[in-house]
Amino acid sequence: MNRDAGLLAGITVLDLTKLLPGPLATLHLAQMGATVLKIEGPAGDGQDDGTRQMFLTRADREAGRPSLAFRALNEGKQLREIDLRSEAGRTQLLELARGADLLVEGFRPGVMDKLGLGWETLHAANPRLVMCAISGYGQRNAWSHRAGHDINYIAMAGVLEQNATVDGDVAVPNFQIGDLMGGTQAAVSGMLAALLGAQRSGAGSFVDISMTHEVWRHHALARITLAATGRPPVPGRDLLSGGAPCYGAYRCADGRYMAVGSLEMKFWRALCETLERPQWIERHWTRGLLPGSAESMALRAELAALFASRTMAQWAERFETVDACVTPVLRLDELGTHPVHAGSQPIVASSR
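Now for a look at the structure at hand. Every residue gets a number counted from 1 within its own chain, in the order that chain's sequence is written. Residues qualify for local features only when their pLDDT is at least 70, as the model is predicted, and side-chain atom pairs are given and counted only at 80 or more; totals for whole chains, interfaces and linings, by contrast, use all residues. In computing side-chain properties, one takes all heavy atoms of the structure into account and sets aside hydrogens as well as water.

## Some remarks on the overall build of the protein
Okay, step 1: Along the backbone of the protein there are 13 helices and nine strands.
Okay, step 2: In terms of principal-axis extent, the alpha carbons of the protein reach across some 75 × 50 × 40 Å.
Okay, step 3: Contact criterion: two residues are considered in contact whenever any of their non-hydrogen atoms come within 4.5 Å of each other. Taking the intrachain contacts of the protein between residues at least 6 apart in sequence as the baseline, contacts between residues at least 24 apart amount to 66%.
Okay, step 4: Computed with a 1.4 Å probe, the accessible areas rest on the Shrake-Rupley method; for each residue, only the protein chains presented here act as cover. For the protein, the exposed surface amounts to about 18,600 Å²; the carbon and sulfur share of it is 55%.
Okay, step 5: His is not counted, nor are the chain ends, whereas Lys and Arg count as positive and Asp and Glu as negative. Charge coordinates come from a single atom per side chain, which is NZ of Lys, CZ of Arg, CG of Asp or CD of Glu. Counting 35 positive and 37 negative side-chain charges, the protein places the averaged centre of each group 1 Å from the other. Secondary structure counts use DSSP, requiring at least four H or I residues in a row for a helix and at least two E residues in a row for a strand, with both numbered from the N terminus.

Structure, rendered in structure tokens:
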């Protein structure tokens, strides 16, 4: 059950976005009850959404349907084909904008203006309209017109450099931080605030979402560390990056991992007692054990050796009733059968 269903009933959204950040943002709005019109140009000249072909299977082709990626991201939306390169198409969109509450686009900065559908034009046609533009680097700066993808945005936000091992090897995450946090979630937040403002004042506003700058803005603890110490956090050596034994991922005997988040002293004590290592209790960062120090890394090695003595399942069972912030590291294909996910509804469309 979606607890937010119906909250945006009566709100009409024009969705001109493609791929992941924008479509997922408008999917969230649709799940809250908004009416979302997804607008694509003709497929023949490349104006349609590229996710139609992403991971397209033989079954999809035989059924004459778009990929699961497209269906999942656009489920519940009304699909419209409008050629914005034509005068008739632009006129049609402008007419739709007059009756809409929100328009979302993900083109490079300046494209909407070139089409004659920029903010000034849309605002004049509908003063209550909210317009949201999602881009890699924002509408007005030296990099506004540069192309990019998630890996570029998190690289330019200082996040990719921090996602590294103790040896300094950068690991590319299989979670699109820039697209999803910097794009989708930031856009949803900005659009909802702007819609509320429009309801109160009667005037719409322009929401400029730069995925790079939103990721940087939310890179809070690392920025605070930099401000407090004059240096960026050292990957693998700081409190939250592997430099403290009480916080990290530990390999088990079967090659699986356990996640230890015993940051607070009470959780660390519970961990040590469960592991029958009472001598470790006072060796905690709140007791002066400096993250990244030789002593800290030595204790981490001892803890790693202990976790390596049993399988993940054995450790998960042992910590099942222990309040120590210790959990198994689950695979995606294990989530559906785990009790914590019972009744949850991920965004996966049906196979139809």
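## Considerations on helix 9 (residues 211-218)
Okay, step 1: Listed in full, the buried residues belonging to helix 9 are Met211, Thr212, Glu214 and Val215. Angular distribution of buried residues about the axis of helix 9 spans 170°; they occupy a single face of the element.
Okay, step 2: On its buried face, helix 9 sits against helix 1 (21-31), strand 5 (130-135), helix 7 (150-156), helix 8 (177-201) and strand 6 (206-210). Here's how the labels work: a residue is buried when its accessible area is under 20% of the maximum for its type, exposed when over 50%, partly exposed in between, all with a 1.4 Å probe on protein chains only. The reported arc concerns the directions from the helix axis to the C-beta atoms and nothing else.

## Quick look at the packing of aromatic side chains
To describe a pair of aromatic rings, one takes the distance between the centres and the angle between the planes.
Okay, step 1: Each Phe, Tyr or Trp ring, with Trp reduced to its six-membered ring, pairs with another whose centre is within 6.5 Å; inter-plane angles below 30 degrees give stacked pairs, above 60 give edge-to-face pairs, and intermediate values give tilted ones. The final tally for this structure, using the stated rule, is six aromatic pairs.
Okay, step 2: For the pair Trp119 and Phe206, a centre-to-centre distance of 6.0 Å together with 55° between the ring planes defines the contact as tilted. With Trp119 in helix 6 (residues 119-125) and Phe206 in strand 6, this residue pair connects regions lying 87 residues apart in the sequence.
Okay, step 3: Judged by relative accessible area, which is 18%, Trp119 ranks as buried.
Okay, step 4: Each member of the aromatic cluster is reached from another via a ring pair, and the members are Tyr250, Phe307, Trp315 and Phe319.
Okay, step 5: Remark: a charge is flagged as sitting over a ring if the NZ atom of Lys or the CZ atom of Arg is within 6 Å of the ring centre and within 35 degrees of the ring normal. Note that Arg277 overlies the ring of Trp280, its terminal NZ or CZ placed 5.8 Å from the centroid.

## Describing the side chain of Asp15
Okay, step 1: One can find Asp15 in strand 1 (residues 12-15).
Okay, step 2: Under the relative-accessibility criterion, Asp15 is labelled buried at 0%.
Okay, step 3: In protein, a polar contact means a hydrogen-donor-capable atom and an acceptor-capable atom, both N or O and within 3.5 Å, with residues adjacent in sequence counting only if both atoms are side-chain atoms; elsewhere, any N or O pair within 3.5 Å suffices. Here the side chain of Asp15 touches Thr26 through a polar contact of 2.7 Å, side chain to side chain.
Okay, step 4: The contact partners of Asp15, leaving out residues within four places of it in the chain, are Pro23, Thr26, Val36, Leu37, Lys38, Ile39, Lys77 and Val104.

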